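Okay, here's what each chain looks like letter by letter:
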Amino acid sequence: MKVYNSINSFDCSKKTIITIGTFDGVHLGHKSILEKMKNATQNNQYESLVLTFFPHPRMVLQQDSSIKLLNTIDEKATLLEKFGIDNLIIHPFDEVFSNLSAEEFVKNILVDKLNIHKIIIGHDHRFGKNRTADINDLILFGKKYKFEVEQINAKEIDEIAVSSTKIRKALLEANIKLANEYLGYSYFISGKVVEGKKIGRTIGFPTANIQIKENYKLLPKNGVYVVSSEIDNVLHFGMMNIGKNPTIGENEQSIEIHFFDINEDIYSKNLQISILEHIREEQKFNSLTELQAQLEKDKLFSLNYIQNLK
């Protein structure tokens, strides 16, 4: 899959089958749209193209900095590539772009720059300045500029919206099983291993501290989780704590993972951590000894869970 950071840098000699959207989560609700794209390009006459935007339009138009997304841009690209998409454009969304009229967007972007043959889009899709144009306008533009418009029906669009809402709600309630069912894969976070305070190693549970640079990434509810990560092509399991470490009086949120079978130095490695199951809520213990005893129980829970995966 070719990834472009701007519409202006897109380069493809073939006509394109386009869809537009945030595709946050790239979950099961999105699957039918992406499969339509893939099926439409099977004869190699056309190339599939997903157009998405960053920052999220709400971050720009509503100054809503509190919005949390299921995927970072890099994670979204990884997931879309698995669906066999040929091209992904992540276009910078700003006020200038938002002020394009509907016809300017269609003629200057879709037709002149993206070489459109067909657009596959939701029946409720709105576009152009102040989102004044709708699917009926798009169909008229299609006739004028000679491209096809295929509507995604209301049921499919509803499934996407409902799935995204339910995934976010499930993660914030630590219902990992439900979130993963809607996603069609295990929810994951991506970050760099950095040095921590090394308190875990004093009680026999050394941890890898994960630093996520994207502050818009949605994290599950604070607590302890069973996780896995592929490191140097080997799958490793562990348990992760998301929270403020109340037992040792921390105030900042941290992400710490104790891997069960890693002894080597993994500092500075970039890891993708799959979240498999919730173990318990975050707790404050009266001493490190009490914390250590609970961690032993958490480890036993995790190992039993992992054993049942096999």
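First things first, this report covers the structure right here in the doc. Small disclaimer: the values here were computed from a predicted structure and weren't measured. (Residues numbered from 1 in each chain as written. Predicted model: local features only at pLDDT ≥ 70, side-chain atom pairs only at ≥ 80, totals over all residues. Heavy atoms only, no water.)

### Re the nonpolar core
Among the nonpolar cores identified, the biggest contains 55 residues, and Ile-189, Met-240 and Phe-259 are the most heavily contacted of them. By residue number, the principal contributor to this core is helix α7 (residues 154-172), which donates five residues. Beyond its immediate stretch of four places on either side in the chain, Ile-189 contacts Glu-75, Ile-212, Lys-217, Leu-219, Met-240, Ile-255, Leu-271, Gln-272, Ile-273 and Ile-275. Ranked by size, the runner-up nonpolar core spans 29 residues in total, among them Ile-20, Ile-116, Phe-141 and Tyr-145. (Core = buried A, V, L, I, M, F, W, Y, C linked by side-chain atoms within 4.5 Å. Buried < 20%, exposed > 50% of the residue type's maximum accessible area, 1.4 Å probe, protein only. Helix = DSSP H or I, 4+ residues; strand = E, 2+ residues; numbered from the N terminus. Contact = heavy atoms within 4.5 Å.)

### Focus: the sheet that holds strand β6 (residues 148-152)
An order of β1-β4-β3-β2-β5-β6 is seen for the six strands of this open sheet, with the pairing classed as parallel. Both edges of this open sheet fall to β1 (2-4) and β6, since each of them pairs with a single strand only. Along the sheet, successive strands turn relative to each other by an average axial angle of 20°, direction set aside. (Pairing = 2+ DSSP bridges. Axes fitted to C-alpha atoms, helices over the stretch in contact; angles between N-to-C directions.)

### Digging into the packing of α7 against helix α8 (residues 176-183)
At their nearest, the axes of α7 and α8 sit 8 Å apart, and the two run at 155° to each other. The orientation of α7 relative to α8 falls into the category roughly antiparallel. Relative to α8, α7 is oriented so that their crossing is left-handed. Along its contact with α7, which presents Ser-163, Lys-166, Ile-167, Ala-170 and Leu-171, the element α8 presents Ile-176, Leu-178, Ala-179, Tyr-182 and Leu-183. Across the contact of α7 with α8, the residue classes tally to eight nonpolar, one polar and one charged. (Parallel < 35°, antiparallel > 145°, perpendicular 65-115°, else oblique. Left-handed = near helix turned anticlockwise from the far one by under 90°. Nonpolar A, V, L, I, M, F, W, Y, C, P; charged D, E, K, R; others polar.)

### A look at the sheet that holds strand β12 (residues 270-281)
Strand order in the closed barrel formed by six strands is β7-β8-β11-β10-β9-β12, with antiparallel pairing between adjacent strands. Averaged over all pairs of adjacent strands, the angle between their axes in this sheet comes to 45°, without regard to strand direction. Contacting β9 (223-231) and β12, α8 runs over the sheet at an angle of about 135° to β12. Contacts from helix α9 (residues 288-309) reach β9, β10 (234-243) and β12, with the element oriented near 110° to β12.

By themselves these figures say nothing about function.
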